[in-house]
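Residue-level structure breakdown
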Amino acid sequence: MIPTPPPLPPWEGLHPLVIHFPIALLLFASVFVLLAAIIPKRGWWFSVSALILLMGGTAGIAASICTGEAARDVVEDGEDEMFECLDQHEDAAKQVRTVLVALTIVYAFIVVLPIVASPLRSWKFSLPANLVFLAALMGGNLLLANAAHLGGLLVHKYGVKSHLAPEDETAADKAADDDAQSAADEDEESTESTAESSSTDPQPAAKPEPTAKPEPTVEPKPDVEPATDESKPADAAASESSPPADG
């Protein structure tokens, strides 16, 4: 049996999936800016790598804000503190997006200017330019960390979560749960009706217990005196004294 692929999450469910990539890209961009400042021979190539990471991180932040706004529209119930934290998270994310767009444009000029103007290809330009930009980028990363902290509060403190399943799948699962619940309720009602009907049925009359029959009384037999030997000689004498019968 071929397993079916999982359903694609809706647009509001993509927020927790795309928010972590721009954070990683922007942190690595800081590392490449530092390498571009301290390694002059390969500094320009490190600057190009940092610019690519900045562009990817900025685009990821913009996509995360779009998915976050869609995820916010799904949230309906909650405490006032939760909605206040949600507003702060949204404002911080938009501020980070504005700062990163500006920083990306500035660093693009830092990378392109040495190509246009040959005197700027020396370390006298790349070292201070990259160090100043690194300080500005670290400030943008601090703003990004603050926005991420507010998002963590929403998830772990207030329990705000994005819907990872499509709406139709969620409705189908809900309908299936409702059908199962209704079937369980019908079974329970039938069980209760059966129990009530069995309790209202007349009970069979109890059979009378059999009475014990009276035991027959045995009358004592009269005592019979045994014959004594004294009567035997008298009988013998009577038989001897009687004359014999004539022939």
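Higher on the page you've got the structure.
Presented here is an overview of the structure given in this document. (Residues numbered from 1 in each chain as written. Predicted model: local features only at pLDDT ≥ 70, side-chain atom pairs only at ≥ 80, totals over all residues. Heavy atoms only, no water.)

1. Brief notes about the overall build of the protein chain
For the protein chain, the helix and strand inventory stands at seven helices and zero strands. Ordered by position from N to C terminus, the α and β elements of the protein chain give α-α-α-α-α-α-α. Of all intrachain contacts in the protein chain linking residues separated by at least 6 positions in sequence, the fraction that spans at least 24 positions is 81%. As displayed, the protein chain offers around 18200 Å² of accessible surface, 63% of which is attributable to carbon and sulfur atoms. (Helix = DSSP H or I, 4+ residues; strand = E, 2+ residues; numbered from the N terminus. Contact = heavy atoms within 4.5 Å. Areas by Shrake-Rupley, 256 points an atom, 1.4 Å probe, with all protein chains shown as cover.)

2. Digging into a negative patch on the surface
A cluster of acidic side chains, namely Glu79, Asp80, Glu81 and Glu84, defines a negative patch on the protein surface. Position of Glu81 relative to the elements: it lies in helix 4 (residues 80-116). (Patch = residues over 30% accessible without salt bridge, like charges linked within 9 Å, V, L, I, M, F, W, Y side chains within 5 Å. Salt bridge = Lys/Arg side-chain N within 4 Å of Asp/Glu carboxyl O. Lys, Arg positive; Asp, Glu negative; His and termini not counted. Charge placed at Lys NZ, Arg CZ, Asp CG, Glu CD.)

3. Thoughts on the environment of Gly13
By the element assignment, Gly13 lies in the segment before helix 1 (15-18). Spatially, the C-alpha atoms of Gly13 and Ala70 are 8.5 Å apart, while their sequence positions differ by 57 residues.

4. Some points on the packing of aromatic side chains
Applying the stated criterion across every chain, the model contains three aromatic pairs. Ring geometry for Phe32 against Phe46: centres 6.1 Å apart, planes inclined by 50 degrees, an arrangement best described as tilted. With Phe32 in helix 2 (residues 20-38) and Phe46 in helix 3 (residues 43-74), this pair connects stretches of sequence that are 14 residues apart. (Phe/Tyr/Trp six-rings, centres within 6.5 Å; stacked < 30°, edge-to-face > 60°.)

5. Looking at the pattern of salt bridges
The final tally for this structure, using the stated rule, is four salt bridges. The salt bridge partner of Lys94 is Glu69, with a shortest N-O separation of 3.7 Å. A residue pair is termed long-range when its members are at least 10 positions apart, and Lys94 in helix 4 and Glu69 in helix 3 qualify at 25 residues. Judged by relative accessible area, which is 32%, Glu69 ranks as partly exposed. (Buried < 20%, exposed > 50% of the residue type's maximum accessible area, 1.4 Å probe, protein only.)

6. A short note on the packing of helix 4 against helix 5 (residues 123-156)
At a minimum axis distance of 8 Å, the contact between helix 4 and helix 5 shows a crossing angle of 160 degrees. It follows from the interaxial angle that helix 4 and helix 5 lie roughly antiparallel. In the packing of helix 4 onto helix 5, the handedness of the crossing is left-handed. Tallied by class, the residues present in the contact of helix 4 with helix 5 amount to 25 nonpolar, six polar and no charged. (Axes fitted to C-alpha atoms, helices over the stretch in contact; angles between N-to-C directions. Parallel < 35°, antiparallel > 145°, perpendicular 65-115°, else oblique. Left-handed = near helix turned anticlockwise from the far one by under 90°. Nonpolar A, V, L, I, M, F, W, Y, C, P; charged D, E, K, R; others polar.)

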